[in-house]
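# Observations on the model geometry
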Amino acid sequence: MKVDDLPGELILWILIASELAVFMAGVSVMVVLGLMDPEGFAQAQAQLDGRAAALNTVVLVTSGLFAARAERAAFAGQAAKARRGLLLAALGGVIFLIVKGVEYARDIQAGIGIESHPFFTFYYLLSGFHAAHVVAGVVVLLLVACRAQPEPVQAGAMFWHMVDLVWVLILPAIWLIW
Amino acid sequence: MDPLTRTWALLIALTAATTALAGVSGPLAVILVLLLAFLKARLILGRFLHLEAPPGWLAAFTLPVGFWLCLIGAGYVLTLR
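About the cut-offs
Residues numbered from 1 in each chain as written. Chains lettered and ligands numbered in written order. Predicted model: local features only at pLDDT ≥ 70, side-chain atom pairs only at ≥ 80, totals over all residues. Heavy atoms only, no water. Helix = DSSP H or I, 4+ residues; strand = E, 2+ residues; numbered from the N terminus. Buried < 20%, exposed > 50% of the residue type's maximum accessible area, 1.4 Å probe, protein only. Contact = heavy atoms within 4.5 Å. Areas by Shrake-Rupley, 256 points an atom, 1.4 Å probe, with all protein chains shown as cover. Axes fitted to C-alpha atoms, helices over the stretch in contact; angles between N-to-C directions. Parallel < 35°, antiparallel > 145°, perpendicular 65-115°, else oblique. Nonpolar A, V, L, I, M, F, W, Y, C, P; charged D, E, K, R; others polar. Buried area = accessible area lost by both parts, 1.4 Å probe. Salt bridge = Lys/Arg side-chain N within 4 Å of Asp/Glu carboxyl O. Polar contact = N/O pair within 3.5 Å; in protein donor to acceptor, adjacent residues only side chain to side chain. Patch = residues over 30% accessible without salt bridge, like charges linked within 9 Å, V, L, I, M, F, W, Y side chains within 5 Å. Left-handed = near helix turned anticlockwise from the far one by under 90°.

### Side note on the overall build of chain B
If you tally the helices and strands in chain B, you get 3 helices and 0 strands. Secondary structure of chain B in N-to-C order comes out as α-α-α. If one aligns the C-alpha atoms of chain B with their principal axes, the spans along those axes are about 45 × 25 × 10 Å. Considering chain B as a whole, with its 81 residues, one finds that 44% of them fall into the buried category. Long-range contacts, defined as pairs at least 24 residues apart, comprise 59% of the intrachain contacts of chain B with a sequence gap of at least 6. Summed over all atoms, the accessible surface of chain B reaches about 4000 Å², with 75% contributed by carbon and sulfur.

Put into structure tokens, the structure is as follows:
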């Protein structure tokens, strides 16, 4: 196992590992609190609309496919195809944020605030922090789409897959296990 | 089928399975949901992030994630007792 074998820039792997650690720590604290109050967490979770989370998973995973295809096209010297893939991936990110916004608006209208229950504190913190990464990811994808050179496209795609990866790992604690 | 499309199809299938389990309660459903999360994470790391190719690196990322998901599952099951 050699560091040189890792695909892409080492700094991106350090970023991915760090982000995973941060989100895993946040979810761990949420789960520990939930284990002390499983009924309260179950009642709080029941107020969320899981359909939006399921839809957003499909959107993000599909967006990840476009990013992966863009990376492959960039290394094959197909800049136009890579650019198209990156723009579609970014569009997926925008759709994700719209769905998330609709979900937050529905929650707030239902009287669910960040201080309503510890479950909702972590719900807003984790999903909001993740949404901030989606915003950053969309910007990164659009930036690397300008020139669509292989290494920058790979870096953008890696960041985007990290956003995808974090999402599938925070999903159970927020929407599913209580 | 193109390998990237196959990975996407697998991720969608795992997402569909997760959604189907969303309405089910109980420790078995929770363990299955966590297992599905692990499989999705492994696919993203291995195929989209290309960790299947360099020896050892996929395990270096998936083992801590798997251990962490096991801890969450164990904590949940122990709380029920």
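There's plenty left to go through after this.
### Observations concerning the packing of helix α3 (residues 50–75) of chain A against helix α1 (residues 3–21) of chain B
Put simply, α3(A) and α1(B) touch, their axes get as near as 10 Å, and they point 170 degrees apart. With respect to α1(B), the element α3(A) is oriented roughly antiparallel. In this structure, α3(A) uses A:Ala54, A:Thr57, A:Val58, A:Val61, A:Thr62, A:Leu65, A:Ala68, A:Arg69 and A:Arg72 to contact α1(B), whose residues at the interface are B:Leu4, B:Thr5, B:Trp8, B:Leu11, B:Ile12, B:Thr15 and B:Thr19. Class assignment for the residues of the contact of α3(A) with α1(B) results in 9 nonpolar, 5 polar and 2 charged.

### Side note on the interface of chain B and chain A
Listed per partner, the contact involves 36 residues of chain B and 38 residues of chain A. Taken together, the two surfaces of chain B and chain A that pack against each other cover about 3300 Å², and 81% of this comes from carbon and sulfur. Considering only the surface of chain B that becomes buried against chain A, B:Leu49, B:Trp57 and B:Trp68 emerge as the three largest contributors, covering 20% of it. Note that A:Arg72 is salt-bridged to B:Asp2, the shortest N-O span being 2.6 Å. Seen at the junction of chain B and chain A, the total is 7 residue pairs in polar contact (both at pLDDT 80 or more). Put simply, the parts of the chain that give the side of chain B that touches chain A at least two residues each are α1, α2 (27–48) and α3 (57–80) of chain B. Among the elements that line the side of chain B that touches chain A, the one with the most residues is α3(B), at 11 residues. Partitioned by chemical class, the residues of the side of chain B that touches chain A number 26 nonpolar, 8 polar and 2 charged.

### What to know about a nonpolar patch on the surface
Residue and element names in this part refer to chain A. Taken together, Leu 88, Leu 91, Val 94, Ile 95, Ile 98 and Val 102 make up a surface patch of nonpolar side chains, about 500 Å² in accessible area. Looking at the element boundaries, Val 102 is found in helix α4 (residues 79–109). Looking at Val 102, the relative accessible area reads 55%, which means it is exposed.

### Some details on the pattern of salt bridges
Per the counting criterion, the structure on display carries 6 salt bridges over all chains. Salt-bridge contacts for A:Lys100 lead to A:Glu103; the nearest nitrogen and oxygen are separated by 2.7 Å. Of this pair, A:Lys100 and A:Glu103 both sit in helix α4, separated by 3 residues, roughly a single helical turn. Take A:Lys100 and A:Glu103: they sit in the same class, and that class is buried. A:Arg106 serves as the salt-bridge partner of A:Asp107, at 3.1 Å between the closest nitrogen and oxygen. By relative accessible area, which is 0% here, A:Asp107 ends up buried. Of the residues examined, A:Arg106 reaches a relative accessible area of 33% and is grouped as partly exposed. A single salt-bridge network, built from bridges that share partners, covers B:Arg42, B:Arg47 and B:Glu52.

### Quick look at the packing of helix α1 (residues 10–36) of chain A against helix α5 (residues 118–147) of chain A
Residues and elements named next belong to chain A. Close contact between α1 and α5 brings their axes to 10 Å; oriented N to C, the two are set at 165 degrees. By the angle between their directions, the pair α1 and α5 is classed as roughly antiparallel. For α1 against α5, the interelement crossing comes out left-handed. Along its contact with α1, which presents Glu 19, Val 22, Phe 23, Gly 26, Val 27, Val 29, Met 30 and Leu 33, the element α5 presents Phe 119, Phe 122, Tyr 123, Leu 126, Phe 129, His 130 and His 133. Of the residues that constitute the contact of α1 with α5, the class distribution is 11 nonpolar, 3 polar and 1 charged.

Any link to function would need more than the numbers given here.
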